[in-house]
Amino acid sequence: MTEEILNSAAGKPDTAATRAPMISIDATGLLSWGGDQAVAGIQRVESFIIKAALAETDPRVGVVAVNLSNHRFRPLFPYEQAQLAANDIAPSRIERGTAMMAALPRALQLVRQYPIAKREADRQLARMVTNGRTGFGFKSAALLLRAYRLYRRAWVRLGASRQMPTPEPTELEQSTVLISHQMLAGDNRSSVSGEINRIAFLCHDLIPVVRPDLVDQGKLEKAFGANVESLVRSGATAFCASETASGMLIDHMRLAGINPPVVHRFPMPSILHETAVRLGMTSRIETSEPFVLYCSTINVRKNHILLARIWQQALDEGVTLPKLVCAGRWGGMMDPLRAYLDAHPELAKSLTFTGPINDEELIRYYRSASFGVFPSHIEGWGYAASECLDFGIPVIVSTTPALIEASRGLMPTIDSEDQAGWYAAIRKMADDTAWRSSLVDRIAQHHRPTPAAASWAAIKAGLQASASRQR
């Protein structure tokens, strides 16, 4: 069977414990994200869950990805494990890659069985054949597999092969799979149909459905709502890190006339703070030039334009505010902000856009910022708000429920449309050191970072309960 071929290609022993985990974590989204891009938000959460699963010695826990040839879940190849786990793999999981001459016939067999697949499927198989290495061998394997696929496709169309084989469900496909966000937002319907695999999904939020005006409506975003509804109808279990996200999901299903799913809650882990502890980078850094930090993807929902207008207002009134540092990559629907910045070039001295940054750089910003801001219109959690508290710095947040939840009701809140209120609060936070210090004390008294182990334990327990319920 297909998955047995892939198991063999990945060097996996043919044992039930290895081939049939009780629960599996889907790594398809993170693998497609690319190793050269900084992970944040959804990718950061998925990376944490995948690494926790790979560090597990429990044989009932597995990590999988979608085989693009047949859109079924498969075990990870060894090079993918190394890429995702950064060497934090349980000793019982470490495997050697298969030699190229042994893996190539298996890849050709997959092409023969499933000739109707896109070019990316051939690249995936070529990476399997070369154990993740790029270069001449990879290009040659991809070209060979593509040529063979086109030949087989023509052979099928000419009627030489009357019917493609329908694979039987494998033991792997009897596990409960926590699918990646890409599977939830994308169009890989056969992988998340619920007909074979027992599916669970992370519901970070339902913003593409609740506030479509704040989301760039591409193909993936347009499919999001229908995919979630389809999963819930099929009996999929949901995992939410906040009461806000859980409420969004349940309310939407009731409005759609669909019975709400079983929802498991897990605490959002303090991943970046744990990294800082491991690196010995938690102490405060005092800087000669104070600055305000907003860590977020730069898109219309995050409301950066409000901050640009506030800093321009300060310039117009001759008020000195600390520099604003906006850490994060640029997203979509940002033409109004770009136009505003172009029309006010003097803001370049007051606003810094860092682009994507790595964990160590972000940790340094948190350790040295005077305070944070988070004026987003709507969130499912609001990672940077809780990260500010993890590093002991105050943060002003909008009144959207998720940000109040993420900051535990400890921080000042202002409506995301209230420019005057934000301007006054930012000025007060910058100038009133006693007020700022009182907020720092409040964080120290009432907030503790959430251990990643506690989050993983809650997710694992929820998946095990879901697997038991679906048997």
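Here is what the cut-offs are and how they apply
- Residues numbered from 1 in each chain as written.
- Predicted model: local features only at pLDDT ≥ 70, side-chain atom pairs only at ≥ 80, totals over all residues.
- Heavy atoms only, no water.
- Helix = DSSP H or I, 4+ residues; strand = E, 2+ residues; numbered from the N terminus.
- Buried < 20%, exposed > 50% of the residue type's maximum accessible area, 1.4 Å probe, protein only.
- Contact = heavy atoms within 4.5 Å.
- Areas by Shrake-Rupley, 256 points an atom, 1.4 Å probe, with all protein chains shown as cover.
- Salt bridge = Lys/Arg side-chain N within 4 Å of Asp/Glu carboxyl O.
- Axes fitted to C-alpha atoms, helices over the stretch in contact; angles between N-to-C directions.
- Parallel < 35°, antiparallel > 145°, perpendicular 65-115°, else oblique.
- Left-handed = near helix turned anticlockwise from the far one by under 90°.
- Nonpolar A, V, L, I, M, F, W, Y, C, P; charged D, E, K, R; others polar.
- Pairing = 2+ DSSP bridges.

Details of the overall build of the chain
Regarding its fold elements, the chain presents 21 helices and 13 strands. Looking at the chain residue by residue over its 471 residues, the buried ones come to 53%. Put simply, of all contacts in the chain between residues at least 6 apart along the chain, 75% involve residues at least 24 apart. Counting only carbon and sulfur atoms, one obtains 52% of the accessible surface of the chain, whose full area is about 20,600 Å².

Describing helix H7 (residues 119-129)
Each α-helix turn comprises 3.6 residues. Residues three or four places apart therefore point the same way. Every buried residue belonging to H7 is among Ala-121, Asp-122, Gln-124, Leu-125, Ala-126, Met-128 and Val-129, and all of these are buried. Asn-131 occupies a position one or two residues after H7 and carries a positive phi of about 55 degrees.

Things to note about the pattern of salt bridges
Side-chain pairs of opposite charge can arise where the charged atoms are in close proximity. Under the defined criterion, the tally for this structure stands at 15 salt bridges. We note a salt bridge from Glu-120 to Arg-127, for which the minimum N-O separation is 2.7 Å. With its nearest N and O atoms 3.9 Å apart, the salt bridge here joins Glu-405 to Arg-265. Placement of the pair is Glu-405 in helix H18 (residues 401-406) and Arg-265 in strand E7 (residues 263-265), with a sequence separation of 140 residues. By relative accessible area, which is 34% here, Arg-265 ends up partly exposed.

Describing the packing of helix H4 (residues 42-55) against helix H5 (residues 78-85)
Where H4 meets H5, the closest approach of the two axes is 9 Å, and the angle between their N-to-C directions is 120 degrees. Judged by the inter-axis angle, H4 sits oblique to H5. For the pair H4 and H5, the sense of crossing is left-handed. Of H5, the residues touching H4 (which contributes Ile-50, Lys-51 and Leu-54) are Gln-81, Leu-84 and Ala-85. A breakdown of the residues in the contact of H4 with H5 according to their chemical character gives 4 nonpolar, 1 polar and 1 charged.

As for the packing of helix H13 (residues 271-279) against helix H16 (residues 359-368)
Close contact between H13 and H16 brings their axes to 10 Å; oriented N to C, the two are set at 95 degrees. Taken as axis vectors, H13 and H16 run roughly perpendicular relative to one another. Contact with H13, carried on its side by Leu-272, Thr-275, Ala-276 and Leu-279, involves Asp-359, Glu-360, Leu-362, Ile-363 and Tyr-366 of H16 and no other residues of that element. By residue class, the composition of the contact of H13 with H16 is 6 nonpolar, 1 polar and 2 charged.

A short note on the pairing of strand E12 (residues 395-398)
Side chains of E12 alternate between two faces, with Val-395 and Val-397 and Ile-396 and Ser-398 buried alike. Sheet analysis places strand E11 (residues 371-374) next to E12, joined by 3 bridges and oriented parallel. Directly across from Val-373, in E12, lies its bridge partner Ile-396. In the sheet, E12 pairs with strand E13 (residues 413-414) via 2 bridges, with the strands oriented parallel. Bridging from a neighbouring strand, Ser-398 pairs with Ile-414 of E13.

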